[in-house]
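# Observations on chain architecture
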Amino acid sequence: MARTAFLGLGVMGFHMAGHLARAGHQVSVWNRTAAKTTAWKKAHKGEVAKDPATAAFGAEFVFLCLGDDPDVRIVFDALEPSLGAGMIVVDHTTASAGLARELYERCKAKGAHFIDAPISGGEAGAVNGKLTIMCGGEQSAFDAAEPVMAAFGKKMTLIGDSGAGQLAKSVNQICIAGIVQGLAEGLHFAEKAGLDAAKVIEAISGGAAQSWQMENRWETMVAGQFEHGFAVDWMRKDLRITLEAARENGASLPMTATVDQYYADVQAMGGARWDTSSLIARLTRDT
């Protein structure tokens, strides 16, 4: 079993660190808000560290699961003195590819390794230990980290060099944005046409229109229930990173840019913490 540190016990990290402990790994946790570490310690076997450097000291694997680039940079700066030869830092935050490449070089200078490894699957995936993990970095580091990440991941893929994992997560979010908007418009159209949404979904869900979003979110979307997943605030953060990357590489993302502004509308409606399926709310707000 591995000696691990887990930094960031938010909606996802709390459960991911728990899976590591249940799998028998040694786990030292740290979180900016101490109440989260107290709650984690009550639920799981492991140690609570006073700061990132203490948590990381002597660890074979250091996992990060934070909010955005500035959060990652602050925590990495704090743990950097504890980096040692052979240590593997795995960042599960959805952050920029540029930051991933920078941290890869900073780890390399210490003889350590860095893997950018953003995750998909939402809170349910974290709770059930069935996350999808998109990775960028060296093959040898990935091979070493993969069996440890298996505690909370169902599918782990090395996409390419450092930064490739973050860019793959952007692809993921681009696809989700389009699918959710299409489903929202379809359900809105069905309502306006006087159709029974349940019968429509029954008819089309076995064909080319089928998607995870359709299977898992259509009922709550029709009911106006948006407390079931990834928050709009976080989706806009991810889309900001995606659109910035697109400006750098020359990709044309007109649909993604449009849906990002639709999510801005949802935020203005008070839906910052609603889940991403709340796109339908802006279509039905005046009906």
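What you see is a predicted model; the values in this text were computed from it and never measured. (Residues numbered from 1 in each chain as written. Predicted model: local features only at pLDDT ≥ 70, side-chain atom pairs only at ≥ 80, totals over all residues. Heavy atoms only, no water.)

### Topic: the overall build of the chain
Our working definition: Put simply, DSSP H or I for four residues or longer makes a helix, DSSP E for two residues or longer makes a strand, and each gets a number counted from the N terminus. Computation of the radius of gyration draws on C-alpha atoms alone. For the globule rule, the value is 2.2 Å times the number of residues to the power 0.38. When accessible area is computed with a 1.4 Å probe and restricted to protein chains, residues below 20% of their type maximum are described as buried, those above 50% as exposed, and intermediate ones as partly exposed. Note on contacts: a residue pair qualifies if any of its non-hydrogen atoms lie within 4.5 Å across the two residues. Calculation of accessible area relied on Shrake-Rupley with a 1.4 Å probe; when residues are assessed, cover is drawn exclusively from the protein chains displayed. For the charge count, each Lys or Arg is scored as positive and each Asp or Glu as negative, with His and the chain ends excluded. Every charge is mapped onto a representative atom, which is NZ of Lys, CZ of Arg, CG of Asp or CD of Glu.
A tally of helices and strands in the chain yields 13 helices and 9 strands. Expected size for 287 residues packed as a compact globule is a radius of gyration near 19 Å; at 20 Å, the chain falls within 12% of this value. The principal-axis extents of the C-alpha atoms in the chain amount to approximately 65 × 45 × 35 Å. Within the chain, the proportion of its 287 residues that are buried is 51%. The long-range share in the chain, meaning contacts at least 24 apart out of those at least 6 apart in sequence, stands at 66%. A total accessible area of about 13100 Å² is found for the chain, and carbon and sulfur atoms account for 54% of it. If you average the places of the 27 positive and of the 32 negative side-chain charges in the chain, the two averages end up 4 Å apart.

### Digging into the packing of helix 8 (residues 164–192) against helix 10 (residues 212–223)
Between two packed helices, both the angle of their axes relative to each other and the distance between the axes serve to describe the pair. This is how the line gets drawn: Each axis is a line fitted through C-alpha atoms, taken for helices only over the stretch in contact, and angles between the N-to-C directions span 0 to 180 degrees. Note that the term roughly parallel is reserved for angles under 35 degrees, roughly antiparallel for angles over 145, roughly perpendicular for angles of 65 to 115, and oblique for everything else. Crossing handedness follows the turn of the near helix against the far one: under a right angle anticlockwise gives a left-handed crossing, and clockwise gives a right-handed one.
Where helix 8 contacts helix 10, the axes come no closer than 11 Å and their chain directions differ by 45°. Between helix 8 and helix 10, the angle is such that the two are oblique. For the element pair helix 8 and helix 10, the recorded crossing hand is right-handed. For the pair helix 8 and helix 10, the contacting residues are Ile176, Ile179, Val180, Leu183, Ala184 and Leu187 in the first and Gln213, Met214, Trp218, Met221 and Val222 in the second.

### Thoughts on the packing of aromatic side chains
The following threshold applies: The aromatic pairing rule takes the rings of Phe, Tyr and Trp, using the six-membered ring of Trp, and pairs them if the centres are within 6.5 Å, calling planes under 30 degrees apart stacked, those over 60 edge-to-face and the rest tilted.
Tallied over the entire structure, the rule returns 4 aromatic pairs. Note on Phe6 and Phe63: the rings are 6.0 Å apart at their centroids and 20° apart in plane angle, and the pair reads as stacked. Of this pair, Phe6 sits in strand 1 (residues 3–7) while Phe63 sits in strand 4 (residues 61–64), and the two are 57 residues apart along the sequence. One exposure class covers both Phe6 and Phe63, and it is buried. Taking 5.4 Å as the distance between ring centres and 40° as the angle between the ring planes, the aromatic pair formed by Phe226 and Trp274 counts as tilted. Within this pair, whereas Phe226 is found in the loop between helix 10 and helix 11 (232–249), its partner Trp274 is found in the loop between helix 12 (254–268) and helix 13 (279–284), the two being separated by 48 residues in sequence.

### Re the layout of surface pockets
Heads up, the condition is: Points on a 1 Å grid over protein atoms alone make up a cavity when a 1.4 Å probe fits among them but cannot get out, and a pocket when they form an open set with protein on both sides within 12 Å along at least five of seven lines; lining residues each have an atom within 4 Å of a point. Grid points are joined across faces, edges and corners, and a volume is the space filled by probe spheres set on the points. Residue polarity follows a fixed list, in which Ala, Val, Leu, Ile, Met, Phe, Trp, Tyr, Cys and Pro are nonpolar, Asp, Glu, Lys and Arg are charged, and the others, Gly among them, are polar.
Approximately 230 Å³ is the volume found for the second largest pocket. Forming the boundary of the second largest pocket are 15 residues, of which His25, Gln26, Val27, Ser28 and Glu47 lie nearest the centre. Among the elements of the structure, strand 1 and strand 2 (26–30) are those that each provide at least two residues to the lining of the second largest pocket. Of all the elements, strand 2 adds the most residues to the lining of the second largest pocket, at 3 residues. Broken down by class, the residue content of the lining of the second largest pocket amounts to 5 nonpolar, 7 polar and 3 charged.

### Overview of the side chain of Thr242
Summarising the element assignment, Thr242 is placed in helix 11. Under the relative-accessibility criterion, Thr242 is labelled buried at 3%. In this structure, Thr242 is in contact with Ser170, Ile174 and Leu253, ignoring residues within four places of it in sequence.

### Points about the state of the cysteines
Going by this rule: To count as a disulfide, a pair of cysteine sulfur atoms needs to be within 2.5 Å.
Across all of its chains, the model carries 0 disulfides by this definition. Between Cys135, a cysteine without a disulfide, and Cys65, which holds the nearest cysteine sulfur, the sulfur-to-sulfur distance is 13 Å. Relative accessible area serves as the criterion here: at 0%, Cys135 is assigned to the buried category. Cysteine Cys175 is unpaired, with the sulfur of Cys135 as its nearest cysteine sulfur at 18 Å. The exposure class assigned to Cys175 is partly exposed, which follows from its relative accessible area of 42%.

### Examining the nonpolar core
What counts, and what does not: Within this scheme, the nonpolar core is defined by two criteria: the residues are buried Ala, Val, Leu, Ile, Met, Phe, Trp, Tyr or Cys, and they are joined through side-chain atoms within 4.5 Å.
By size, the foremost hydrophobic cluster in this structure holds 32 residues, and its most contacted members are Phe6, Met16, Phe63, Met149 and Phe152. Looking at this core, the elements that each hand over two or more residues are helix 1 (13–22), strand 2, strand 4, strand 5 (88–91), strand 8 (131–136) and helix 7 (139–149). In this structure Met149 touches Phe63, Val90, His92, Ile133, Cys135, Phe142 and Met156, once residues within four positions along its chain are discounted. With 24 residues, the next largest nonpolar core counts Trp30, Ala49, Val72 and Met87 among its residues.

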